[in-house]
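Listed below are the residues making up each chain.
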Amino acid sequence: MEYSHKSVLLKETIEYLNIKPEGIYVDGTLGGGGHSEEILKRLTKGKLIAIDRDLDAIKAGKERLKNYKNVKYINNNFKNIKEILKSLGVDKVDGIILDLGVSSFQLEEVERGFSYMKDAPLDMRMDKNSTFSAYDVVNKYSQQELEKVIREYGEEKWASRIAKFIVKEREKGEIKTTFQLVEIIKNAIPASARRKGPHPAKRTFQAIRIEVNEELKGLGKAIEDMVEVLRGKGRIAIITFHSLEDRIVKNTFKKLENPCTCPPNMPCICGKKPVVKIITKKPVVPSKEEIETNSRSRSAKLRVAEKL
Ligand SMILES: C[S@@+](CC[C@H](N)C(=O)[O-])C[C@H]1O[C@@H](n2cnc3c(N)ncnc32)[C@H](O)[C@@H]1O
């Protein structure tokens, strides 16, 4: 299958990265390689470290970027940035990009079970070596745990009913496929509520995907680690696709910009000094034209910080 993924906020991200032709850059979410390619076009002596936890993305990225020799491909989780750089003998880097979430390729690869539009086994693992999948969440979590995941990660107001319906359906037998789950969700949400807004399964599928891939767990720490390995004036640019992720990025940047924990109006005694300057006071969002040509970009937000 061809790897088709329209990069989101591509021009904006690249501009904000202020790429130095001789610098070392990290793309923590290689995906279809769109952002990586634009970085590579701007490098002369510099190099790119391209990370993705999905081996299929690494394979596709290698193919797309085969004309560039200055790329190191790493099939790993970007949360391990410090170990990754250590293993490469790299101390500091000049810029980092994260374009979070799933790629269109992952959504379109039917058997991976990411899409509520296609019938497939319940899977949703970005890293196929992981042994924990959507099947485990749906079939093994308690009703309470399910409700919590669906409410928190899906921001779904029908979480309690959906969790109840899943558990009831489970009594009859395992829930094995995406369409089985979609059917349960549809039955749990009253028809009047179902007619408004996006597909009724959208929020629950997002929630389960976040849980399966631990997308929010450790994200703040990963950003702190990334900032630590940035050289002075180096920038980190992060694109998010939902409010929970965006909040973590925003709050982590804020904490790094103003880490002082002393009470306001008191002289600082904690000694914690600012580590970054936030470049985007407000998040950068896609233009109307981008949203029209790529509906996946609709909820995207880009935030950028610069190491002091
Ligand atoms: C939205 S896509 C990136 C698209 C890419 N920027 C482009 O322009 O083609 C996100 C990619 O990040 C990967 N990913 C998500 N979380 C990750 C993590 N914690 N570590 C490494 N890769 C991750 C996914 O597997 C997916 O391929």
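Residues numbered from 1 in each chain as written. Predicted model: local features only at pLDDT ≥ 70, side-chain atom pairs only at ≥ 80, totals over all residues. Heavy atoms only, no water.

- An unreviewed UniProt entry annotates the chain as Ribosomal RNA small subunit methyltransferase H originating from Thermoanaerobacter italicus.
- Within the UniProt record for the chain, the comment given under Catalytic activity (unreviewed entry) is "cytidine(1402) in 16S rRNA + S-adenosyl-L-methionine = N(4)-methylcytidine(1402) in 16S rRNA + S-adenosyl-L-homocysteine + H(+)".
- The UniProt entry for the chain carries the following comment under Sequence similarities (unreviewed entry): "Belongs to the methyltransferase superfamily. RsmH family." (UniProt positions renumbered as here; feature names shortened; annotations may be inferred.)

### As for the pattern of salt bridges
Step number 1: For the structure shown, the criterion picks out 28 salt bridges.
Step number 2: As a salt-bridge pair, Lys41 and Glu38 come within 2.7 Å of each other at their nearest N and O atoms. Taken together, the residues span about one helical turn, with Lys41 and Glu38 both in helix 2 (residues 34-41) at a distance of three residues.
Step number 3: With its nearest N and O atoms 2.9 Å apart, the salt bridge here joins Glu224 to Lys255. Note that Glu224 is positioned in helix 12 (residues 219-228) and Lys255 in helix 13 (residues 243-257), a separation of 31 residues in sequence.
Step number 4: On the accessibility criterion, Glu224 (26% relative accessible area) is partly exposed.
Step number 5: It is possible to trace a salt-bridge network through shared partners that takes in Asp54, Asp56, Glu109, Arg112 and Lys128. (Salt bridge = Lys/Arg side-chain N within 4 Å of Asp/Glu carboxyl O. Helix = DSSP H or I, 4+ residues; strand = E, 2+ residues; numbered from the N terminus. Buried < 20%, exposed > 50% of the residue type's maximum accessible area, 1.4 Å probe, protein only.)

### So, the UniProt feature "binding site: S-adenosyl-L-methionine" (unreviewed entry) in the chain
Step number 1: Mapped onto the present numbering, the UniProt feature "binding site: S-adenosyl-L-methionine" (unreviewed entry) falls on Gly33, Gly34, His35, Asp52, Phe78, Asp99 and Gln106. From the set just named, the residues that line the largest cavity comprise Gly33, Gly34, His35, Asp52, Phe78, Asp99 and Gln106.
Step number 2: Its place among the elements puts Gly33 in the loop between strand 1 (24-27) and helix 2.
Step number 3: Residue Gly33 is classed as buried on the basis of its relative accessible area, which comes to 0%.
Step number 4: In contact with Gly33, other than residues within four places in its own chain, are Arg64 and Leu65.
Step number 5: What makes Asp99 buried here is its relative accessible area of 10%. (1 Å grid on protein atoms, 1.4 Å probe; cavity = no way out; pocket = protein on both sides within 12 Å on 5 of 7 lines; lining within 4 Å. Contact = heavy atoms within 4.5 Å.)

### A word on the site of the ligand
Step number 1: Neighbouring residues of the ligand: 24 residues in total, closest Ser7, His35, Asp52, Asp99 and Gln106.
Step number 2: The side chain of Ser7 places a nitrogen or oxygen atom 2.5 Å from an oxygen atom of the ligand.
Step number 3: Taking Phe78, its main chain carries an N or O atom lying 2.9 Å from a nitrogen atom of the ligand.
Step number 4: When each cavity is represented as a set of grid points, the ligand is found to reside in the largest cavity.
Step number 5: Grouping the constituent residues of the shell around the ligand by class yields six nonpolar, 14 polar and four charged. (Near = heavy atom within 4 Å. Polar contact = N/O pair within 3.5 Å; in protein donor to acceptor, adjacent residues only side chain to side chain. Sits in = over half its atoms within 2 Å of the grid points. Nonpolar A, V, L, I, M, F, W, Y, C, P; charged D, E, K, R; others polar.)

### Let's talk about the sheet that holds strand 7 (residues 301-307)
Step number 1: Taking strand neighbours across the sheet as the criterion, the seven strands line up as 3-2-1-4-5-7-6 in an open arrangement whose pairing is mixed. Every interior strand has two partners, whereas the edge strands, strand 3 (71-75) and strand 6 (276-278), have only one. Strand-to-strand twist in this sheet, taken as the mean axis angle between neighbours without regard to direction, amounts to 15°.
Step number 2: Two strands pair when backbone bridges link them, and strand 1 and strand 2 (residues 47-52) are joined in this way by four bridges, in the parallel orientation. Residue Asp27 lies in a different strand from strand 2, and its bridge partner there is Ala50. (Pairing = 2+ DSSP bridges. Axes fitted to C-alpha atoms, helices over the stretch in contact; angles between N-to-C directions.)

### What about the packing of aromatic side chains?
Step number 1: Under the defined criterion, the tally for this structure stands at two aromatic pairs.
Step number 2: The residue whose ring lies beneath Lys168 is Phe165, and the NZ or CZ to ring-centre distance is 5.1 Å. (Phe/Tyr/Trp six-rings, centres within 6.5 Å; stacked < 30°, edge-to-face > 60°. Lys NZ or Arg CZ within 6 Å of the ring centre and 35° of its normal.)

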